[in-house]
Protein chains: 2
Amino acid sequence: MRLPVGEQVDLDAYDTRATPGAPDGKQAAVADGARTGKRLARLQERLWASGAAGDRRRVLLVLQGMDTSGKGGTVKHVIGHLNPAGCRIQAFKAPTEEERRHDFLWRVRAALPRPGEIGIFDRSHYEDVLVARVRHLAPPAEIGSRYGLINDFERTLAEDGVTVIKCFLHISNEEQRRRLLRRLDRPDKHWKFAPGDIDDRVLWPAYQEAYELALERCAAPHAPWYVVPADRKWYRNWAIGRLLLEHLQELDPRYPEGDFDVAACRERLLKEP
Amino acid sequence: MRLPVGEQVDLDAYDTRATPGAPDGKQAAVADGARTGKRLARLQERLWASGAAGDRRRVLLVLQGMDTSGKGGTVKHVIGHLNPAGCRIQAFKAPTEEERRHDFLWRVRAALPRPGEIGIFDRSHYEDVLVARVRHLAPPAEIGSRYGLINDFERTLAEDGVTVIKCFLHISNEEQRRRLLRRLDRPDKHWKFAPGDIDDRVLWPAYQEAYELALERCAAPHAPWYVVPADRKWYRNWAIGRLLLEHLQELDPRYPEGDFDVAACRERLLKEP
């Protein structure tokens, strides 16, 4: 799932229905995911506590994928296990007029997690080499320069203590059709639907190509890309939970030690009127 | 629990161990709280959906209380039921140098929930009439003027579609002592402790008085104050969950209707190659 750095990416080579590494079947994966959630919450508290003591480390989870690929569902089901006070979640939409007046990374910098936090981007600066490329929203040379700018940016993040985890939620064209049809079937899902989503499907091959380029050019050892098979929602949730867990375990944040005299404090507390 | 508007407030008259309205006992309250959590999540999604369709309504939950009163625990246990993507949580600490260069409401305005969101303030603009008053951080006349400014501010919020719910988590002095002692007993809680927390206990009566003034002067029909007995954590969680639920039920947000031709969209989706 972790993309090798510097190699060509062929998304067709990744089965969108695969379930690598998962427990046997949906039920077992959901149960395992709940256990992972509890471990995530414990590690998150330690990260937060060490951040309060001056540790600058934090995590940034970047979620990218076609419409209906489950970016929002991942936030709800995976990030939902965490203490919301320590999460900084940002969904990026088409840039506002103010955002367009700045360089494309400006709004991203403003939304970064602070020390001790877990940041989640639902879409990200990658849109500026994805939709921007497919819909020709900027001159080709400018878009071409953005891959390098993104790599520089992510390197500075890593140097500043940010663990960057980038997930491409990989669904098939057929699965997207099924999900859009399901949204049409349910009036309580209509708010998520726009007829333009159908028009966009004509651009599917162009988007896949733009993703391949982005994944290829911006996979770095300090900011890896993961291709997450996402046709099965339970697998997507399980896999991203595990990814977060592995990275947090590697960070191994610790509760900071108090720099005060515990016995003296206890005595004062007990003695006071 | 809901404070009447325009009457004097005597915090001693409220029992910090009371459990008004709760199911019988902790276990039942926790189970009921979990059910409330599910209902909250459903209403939150509707609020979010209607926000996406232009409805400007949102909720702002303000949590205030002495150290260890459980503001953070409320976020974890009550807000933890919600979809974190639709929550905007802000903890207010001592103002930074930049924040001090602006009026005291500046940083609060920047942290307000957007339409469709549920905002949570862990401490708030009320600190500017609480700690500011007790510790003489501003001239008395300036602090005196802030109550009116807060009332004006909250009125503009209400007029802009913000449902403001203000909770004072009411613990006893003795309970705070117990909680601080417990923090000392557990090395994994030391990061939450500072010896200054003990010094602050000398100021307990002054803080209670400052709270009484704030609750008295800033209880408004459109921005009520609730006194939540908080010595029992399970009751605090249950009560604030219910409060949120009641306000969301009153808002009664609805899924917006789609403005597209469902049958035509379905046909297009099925026909395309």
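Residues numbered from 1 in each chain as written. Chains lettered and ligands numbered in written order. Predicted model: local features only at pLDDT ≥ 70, side-chain atom pairs only at ≥ 80, totals over all residues. Heavy atoms only, no water.

(A) Representation of the relation of the copies chain A and chain B in the model. Rotating chain A by 180 degrees and moving it 0.0 Å along the rotation axis overlays it on chain B with an RMSD of 0.0 Å. The transformation just described matches what one would write down for a two-fold rotation axis. For chain A, the smallest separation between a C-alpha atom and the rotation axis is recorded for A:P84, amounting to 3.0 Å. Taken as a fraction of all interface residues of chain A, those also at the interface in chain B reach 100%, which identifies the copy contact as same-surface. (Least-squares fit on C-alpha atoms with pLDDT ≥ 70 in both. Contact = heavy atoms within 4.5 Å.)

(B) Here's a closer look at the packing of aromatic side chains. Residues and elements named next belong to chain B. For the structure shown, the criterion picks out twelve aromatic pairs over all chains. Taking 4.4 Å as the distance between ring centres and 40 degrees as the angle between the ring planes, the aromatic pair formed by F168 and Y211 counts as tilted. One end of the pair, F168, is in strand 4 (residues 162-170); the other, Y211, is in helix 9 (residues 204-217), with 43 residues separating them in the sequence. Residue classification places F168 among the buried positions, given a relative accessible area of 1%. Residue class for Y211 comes out buried when judged on its relative accessible area of 3%. (Phe/Tyr/Trp six-rings, centres within 6.5 Å; stacked < 30°, edge-to-face > 60°. Helix = DSSP H or I, 4+ residues; strand = E, 2+ residues; numbered from the N terminus. Buried < 20%, exposed > 50% of the residue type's maximum accessible area, 1.4 Å probe, protein only.)

(C) Region of the structure containing the UniProt feature "domain: Polyphosphate kinase-2-related" (unreviewed entry) in chain A. When the UniProt feature table is mapped onto this chain numbering, "domain: Polyphosphate kinase-2-related" (unreviewed entry) sits at residues 37-251 of chain A. The span residues 37-251 of chain A is 50% helix and 15% strand, and its two end C-alpha atoms sit 17 Å from each other. (UniProt positions renumbered as here; feature names shortened; annotations may be inferred.)

(D) Molecular detail of the interface of chain A and chain B. Taken together, the contacts link 38 residues of chain A with 38 residues of chain B. Of the roughly 3800 Å² buried between chain A and chain B on both sides combined, carbon and sulfur atoms contribute 65%. Connecting chain A to chain B are six salt bridges. Linking B:E45 and A:K76 is a salt bridge whose minimum nitrogen-to-oxygen distance equals 3.6 Å. One can count six residue pairs in polar contact (both at pLDDT 80 or more) joining chain A with chain B. Taken together, the elements giving at least two residues each to the side of chain A that touches chain B come down to helix 1 (25-52), helix 2 (71-77), helix 7 (173-185), helix 8 (196-200) and helix 11 (262-271) of chain A. By residue class, the composition of the side of chain A that touches chain B is 23 nonpolar, four polar and eleven charged. (Buried area = accessible area lost by both parts, 1.4 Å probe. Salt bridge = Lys/Arg side-chain N within 4 Å of Asp/Glu carboxyl O. Polar contact = N/O pair within 3.5 Å; in protein donor to acceptor, adjacent residues only side chain to side chain. Nonpolar A, V, L, I, M, F, W, Y, C, P; charged D, E, K, R; others polar.)

(E) Representation of the packing of helix 1 of chain A against helix 10 (residues 233-251) of chain A within the structure. All names here are of chain A. Packing of helix 1 against helix 10 brings their axes to within 9 Å, and their N-to-C directions diverge by 30 degrees. As the angle between them shows, helix 1 and helix 10 are arranged roughly parallel. As helix 1 packs across helix 10, the resulting crossing turns out to be left-handed. Together, G25, K26, A29, V30, D32, G33, T36, R39, L40, L43 and L47 of helix 1 and W234, W238, G241, R242, L244, L245, L248, Q249 and L251 of helix 10 make up the contact between the two elements. Residues that form the contact of helix 1 with helix 10 fall into these classes: eleven nonpolar, five polar and four charged. (Axes fitted to C-alpha atoms, helices over the stretch in contact; angles between N-to-C directions. Parallel < 35°, antiparallel > 145°, perpendicular 65-115°, else oblique. Left-handed = near helix turned anticlockwise from the far one by under 90°.)

(F) Representation of the packing of helix 11 of chain A against helix 7 (residues 173-185) of chain B in the model. Between helix 11 of chain A and helix 7 of chain B, the shortest axis-to-axis distance is 10 Å and the interhelical angle comes to 165 degrees. When the axis of helix 11 of chain A is compared with that of helix 7 of chain B, the two are roughly antiparallel. Pair helix 11 of chain A / helix 7 of chain B crosses with left-handed handedness. Listed contacts from helix 7 of chain B to A:V262, A:C265, A:R266, A:L269 and A:L270 of helix 11 of chain A are B:R177, B:L180, B:L181, B:L184 and B:D185. Classifying every residue of the contact of helix 11 of chain A with helix 7 of chain B by side-chain character gives seven nonpolar, no polar and three charged.

(G) The arrangement of the environment of B:K26 in detail. All names here are of chain B. Its place among the elements puts K26 in helix 1 (residues 25-52). Owing to a relative accessible area of 53%, K26 belongs among the exposed residues under this scheme. Along the primary structure K26 and W238 are separated by 212 residues, whereas in three dimensions their C-alpha atoms are 9.4 Å apart.

(H) View of a positive patch on the surface. Judged by side-chain charge, A:K26, A:R182, A:K192 and A:K233 come together as a positively charged surface patch. By the element assignment, A:R182 lies in helix 7. (Patch = residues over 30% accessible without salt bridge, like charges linked within 9 Å, V, L, I, M, F, W, Y side chains within 5 Å. Areas by Shrake-Rupley, 256 points an atom, 1.4 Å probe, with all protein chains shown as cover. Lys, Arg positive; Asp, Glu negative; His and termini not counted. Charge placed at Lys NZ, Arg CZ, Asp CG, Glu CD.)

(I) Here's a closer look at unusual backbone geometry. Located in the positive-phi region is A:H136, a residue other than glycine, with phi close to 50 degrees. Along the chain, A:H136 turns up in the loop between helix 5 (131-134) and helix 6 (140-159). Judged by its relative accessible area of 67%, A:H136 falls in the exposed class. A positive phi angle is found at B:T68, which is not glycine, with a value near 70 degrees. Mapping B:T68 onto the fold places it in the loop between strand 1 (58-65) and helix 2 (71-77).

(J) Fine view of the sheet that holds strand 1 of chain B. All names here are of chain B. The sheet built from five strands is open, its strands ordered 2-3-1-4-5 with parallel pairing. Looking at the sheet topology across the chains shown, the edges are occupied by strand 2 (87-91) and strand 5 (225-229). Neighbour to neighbour, the strand axes of the sheet diverge by 20 degrees on average, direction disregarded. Bridge count between strand 2 and strand 3 (residues 118-122): five bridges; the pairing is parallel. The partner of I89 across the bridge, within strand 3, is I120. (Pairing = 2+ DSSP bridges.)

(K) Summary view of the sheet that holds strand 5 (residues 225-229) of chain A. Residues and elements named next belong to chain A. Strand order in the open sheet made by the five strands is 2-3-1-4-5, with parallel pairing throughout. Edge strands, defined here as strands with exactly one partner in the open sheet, are strand 2 (87-91) and strand 5. Sheet twist, expressed as the mean angle between neighbouring strand axes with direction ignored, is 20 degrees. When strand 1 (residues 58-65) meets strand 3 (residues 118-122), the two strands line up parallel, connected through five bridges. Residue V59 lies in a different strand from strand 3, and its bridge partner there is I118. Taken strand by strand, helix 10 contacts strand 1, strand 3, strand 4 (162-170) and strand 5, and its axis lies near 165 degrees from that of strand 4.

(L) Summary view of the pairing of strand 3 of chain A. With five of five residues buried, strand 3 of chain A is to be regarded as a mostly interior element. Residues A:I118, A:I120 and A:D122 point to one face of strand 3 of chain A and A:G119 and A:F121 to the other, with burial holding for every one of them.

(M) Quick peek at the state of the cysteines. If you walk through the whole model with that rule in mind, you get zero disulfides over all chains. Of all cysteine sulfurs in the structure, the one in B:C87 sits closest to B:C167, which takes part in no disulfide; the separation is 15 Å. (Disulfide = S-S within 2.5 Å.)

(N) View of the side chain of A:T68. Using a relative accessible area of 9% as the deciding quantity, one classes A:T68 as buried. Excluding residues that lie within four positions of it along the chain, A:T68 makes contacts with A:I171, A:Q176, A:R179, A:L180 and A:R183.

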